[in-house]
Amino acid sequence: MRNERCHWIIKMIFVVLIQAEGLSTSLAKGPSFILEPPNHVSFYNTTGAIIPCSATGNPLPVVLWTDGFGTRLEDIPGLRRSRFDGSLIFSSFPVDQYQQSVHSTSYRCVASNTVGTIGSRDVHVRAGTFIVSYFI
């Protein structure tokens, strides 16, 4: 009798697991933006900038950034990096480290999961240099 009950419990657990798997796939949803980045971002070299981007979906989408050609961005230490939450971070930088290809260009946030992929509008970034002048 005890052995039969054990088999019945195992069968019920198996049925619940199969149904849960079917439920998760039936609720699959392509990505949609929770927070889409703005179209224009301007900042000074002395301040840096954070450009947020986040998305939802089922399964949870992966958020990454691409350049104007659709190539996935690589971090550039000390200048630009992607953060775990989907934000693109521009660090403050000395004037002599200004790079037009980093600081005056377009980017796009891309979110994808097994259901689909979406891209944000182009984000036009422009970093200006802030120079302090002292008059004596």
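Enquirer: Can you walk me through the overall build of the chain in this structure?
Expert: Of the regular secondary structure elements, the chain holds two helices and ten strands. Listed by position from the N terminus, the elements making up the chain come as α-β-β-β-β-β-β-β-α-β-β-β. By residue count, 26% of the 136 residues in the chain fall in the buried class. Residue pairs at least 24 apart in sequence account for 58% of intrachain contacts in the chain once pairs closer than 6 positions are excluded. Here the chain has roughly 9400 Å² of accessible surface; of this, 59% comes from carbon and sulfur atoms.

Enquirer: What is the right way to look at the confidence of the model for the chain in this model?
Expert: Across the chain, the average pLDDT comes to 86, with 77% of residues at 70 or higher. In the predicted structure, residues 6–10 sits below a pLDDT of 50 and forms zero contacts with residues beyond four places in sequence or in another chain. Note that pLDDT drops below 50 for residues 12–23; the model gives that stretch zero contacts with residues more than four away or on any other chain.

Enquirer: Looking at this structure, I do not really get the pattern of salt bridges. What am I missing?
Expert: Two side chains with opposite charge may pair up if their charged atoms get near one another. The final tally for this structure, using the stated rule, is two salt bridges. A salt bridge links aspartate 85 to arginine 83; the shortest N-O distance between them is 3.0 Å.

Enquirer: I keep staring at unusual backbone geometry and nothing clicks. Help me out?
Expert: Note: most residues except glycine have negative phi, and most peptide bonds are trans. Looking along the chain, the bond that leaves asparagine 58 and enters proline 59 is cis, with omega of 5 degrees. Inspection of the secondary structure puts proline 59 in the loop between strand 4 (54–58) and strand 5 (62–67).

Enquirer: Just to check I follow, could you spell out the side chain of histidine 103 for this structure?
Expert: Examined against the element boundaries, histidine 103 turns out to sit in helix 2 (residues 100–103). Given a relative accessible area of 0%, histidine 103 falls into the buried group. If sequence neighbours within four positions are ignored, histidine 103 has contacts with Phe43, Leu79, Phe90, Phe93, Gln97, Tyr98, Val125, Arg126 and Ala127.

Enquirer: Which parts of the structure should I look at to understand the sheet that holds strand 3 (residues 49–51)?
Expert: Remark on secondary structure: sheet strands pair via backbone hydrogen bonds, oriented parallel or antiparallel. What the three strands build is an open sheet, ordered 3-7-6; its pairing is antiparallel. Sheet topology places strand 3 and strand 6 (80–82) at the edges, where each strand pairs with a single neighbour. Between one strand and the next, the sheet's axes are offset by a mean angle of 15 degrees, whatever the strand orientation. Alignment of strand 6 against strand 7 (residues 88–90), held across three bridges, turns out to be antiparallel. Residue pairing in the sheet places serine 82 in a bridge with leucine 88 of strand 7.

Thresholds applied
- Residues numbered from 1 in each chain as written.
- Predicted model: local features only at pLDDT ≥ 70, side-chain atom pairs only at ≥ 80, totals over all residues.
- Heavy atoms only, no water.
- Helix = DSSP H or I, 4+ residues; strand = E, 2+ residues; numbered from the N terminus.
- Buried < 20%, exposed > 50% of the residue type's maximum accessible area, 1.4 Å probe, protein only.
- Contact = heavy atoms within 4.5 Å.
- Areas by Shrake-Rupley, 256 points an atom, 1.4 Å probe, with all protein chains shown as cover.
- pLDDT = per-residue confidence, 0-100.
- Salt bridge = Lys/Arg side-chain N within 4 Å of Asp/Glu carboxyl O.
- Pairing = 2+ DSSP bridges.
- Axes fitted to C-alpha atoms, helices over the stretch in contact; angles between N-to-C directions.

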